[in-house]
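Notes for the structure review
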Amino acid sequence: MGSLFAVDYVGDIIRPPSEAFSLILQVTTGCSHNRCTFCGAYRDKPFQSKSWEQIEADLAFAAAWCRRQTTLFLADGDVLALPHERLVALLERIREQLPWIRRVSCYASCQNIEEKTDQQLAHYKRLGLGRLYLGLESGHDPTLAAIAKGVDSEAMVTAGRRIRATGLFLSVTCLLGIAGVTQSQAHARATASVLNRMQPHQIAVLTLMLLPNTPLYRQMRAGRFAMPDQEQLFRELRTLLAGLGPHRAQFHANHASNYFSLSGRLPRDRDRMLATIDQALNGSLALKAEPYRCL
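Everything quoted here is computed from the prediction, not taken from an experiment. (Residues numbered from 1 in each chain as written. Predicted model: local features only at pLDDT ≥ 70, side-chain atom pairs only at ≥ 80, totals over all residues. Heavy atoms only, no water.)

Here we come to helix H7 (residues 184–198). Here H7 is 15 residues long and its end C-alpha atoms lie 21 Å apart, about the 21 Å a rise of 1.5 Å per residue gives. At its buried positions, H7 is contacted by strand E7 (129–137), helix H6 (153–165), strand E8 (169–176), strand E9 (202–207) and helix H9 (230–242). Just beyond H7, the residue with positive phi is glutamine 199, at close to 55 degrees. (Helix = DSSP H or I, 4+ residues; strand = E, 2+ residues; numbered from the N terminus. Expected span 1.5 Å × (residues − 1). Contact = heavy atoms within 4.5 Å.)

Take a look at the structure:
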């Protein structure tokens, strides 16, 4: 059984692949930042909090009909932008209404984490929040500036370390291709360096897909951004993976946007995964056909 969502859901469901079997509870719509040049997910969704009455109705629905789900994902992309008191009330209600839920997760931006104290993050952990998905995209400062991420790599490292220090599971997302052709390798090396400093529990690597409703797509059409080709993307992935240190982490490059799937544990499975990338580079690995790639 795949993801379930309660009565009221606005727009398309956006969730991490690892939340495929989670109950989805939409608490906010849109993204409070909504400036990243590559992201088209929330362009037509103003950021706002859903009414408490609607959240209560969805929780009541879940209590009656969603007892097989033991994990819950809070949507949309910016739930941690809510005031502390509202987040506490929400997590308390989830514990009261859905006591069988063993883990609550949500996306997190660097800006979200900057606005919360360590004590507040620890409070969420005690109330059942177990996992945060942090969108790093790149550890390369010129790329972060170019895609209007709103923070630099040092701020990202600080946010990641603070998440880990509270005992929360940290999953970090990176984007192949986001630096274009000319900065591809610099992006890969810098991203590996930032991940080594963060030491996330999980690393998820996606491949950039240019969406027509985004500024980056318009830059590409105007000749101001060049997407790396398959070989360059595979070399970027190889450099990133080879540059990761000895810290233990889950490593996944199995998103639907990727041309082939990698999944393993670091450092144990690094050599096996590098060998798979080499197969892709020498043409001996079957690749996903372009029409089957998606977000």
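Anyway, onward from the coordinates.
As a further point, take the packing of aromatic side chains. On inspection of all chains with the given rule, the structure shows 5 aromatic pairs. Taking the centre distance of 6.2 Å and the plane angle of 65 degrees together, the rings of phenylalanine 73 and tyrosine 133 count as edge-to-face. Placement of the pair is phenylalanine 73 in strand E5 (residues 71–75) and tyrosine 133 in strand E7, with a sequence separation of 60 residues. Each member of the pair, phenylalanine 73 as well as tyrosine 133, is classed as buried. Where tyrosine 107 meets tyrosine 133, the ring centres are 6.2 Å apart and the plane angle is 70 degrees; that geometry is what we call edge-to-face. With tyrosine 107 in strand E6 (residues 103–108) and tyrosine 133 in strand E7, the pair connects residues that are 26 residues apart, well separated along the chain. Classification of tyrosine 107 as buried rests on a relative accessible area of 19%. Each member of the aromatic cluster is reached from another via a ring pair, and the members are Phe73, Tyr107 and Tyr133. Note that arginine 131 overlies the ring of phenylalanine 169, its terminal NZ or CZ placed 4.0 Å from the centroid. If you follow arginine 293 out to its NZ or CZ, it ends over the ring of tyrosine 259, 4.2 Å from the centre. (Phe/Tyr/Trp six-rings, centres within 6.5 Å; stacked < 30°, edge-to-face > 60°. Buried < 20%, exposed > 50% of the residue type's maximum accessible area, 1.4 Å probe, protein only. Lys NZ or Arg CZ within 6 Å of the ring centre and 35° of its normal.)

In this section: the layout of surface pockets. Empty space within the largest pocket amounts to approximately 1400 Å³. Mapped by element, the contributors of at least two residues to the lining of the largest pocket are E6, helix H3 (110–114), E7, E8 and E9. Broken down by element, the lining of the largest pocket gets its largest block of residues, 5 residues, from E9. (1 Å grid on protein atoms, 1.4 Å probe; cavity = no way out; pocket = protein on both sides within 12 Å on 5 of 7 lines; lining within 4 Å. Points joined across faces, edges and corners; volume = space filled by probe spheres on them.)

Bringing the packing of H9 against helix H10 (residues 270–282) into the picture now. Describing two packed helices takes the angle between their axes plus the distance from one axis to the other. As a packed pair, H9 and H10 sit with axes 10 Å apart at the nearest point and diverge in direction by 165 degrees. The pairing of H9 with H10 is recorded here as roughly antiparallel in orientation. The interaxial crossing formed by H9 with H10 has left-handed handedness. Seen from H9, the contacting residues are Glu231, Phe234, Arg235, Leu237, Arg238, Leu241 and Ala242; seen from H10, they are Arg270, Met273, Leu274, Ile277, Asp278, Ala280 and Leu281. Of the residues belonging to the contact of H9 with H10, the class tally is 9 nonpolar, no polar and 5 charged. (Axes fitted to C-alpha atoms, helices over the stretch in contact; angles between N-to-C directions. Parallel < 35°, antiparallel > 145°, perpendicular 65-115°, else oblique. Left-handed = near helix turned anticlockwise from the far one by under 90°. Nonpolar A, V, L, I, M, F, W, Y, C, P; charged D, E, K, R; others polar.)

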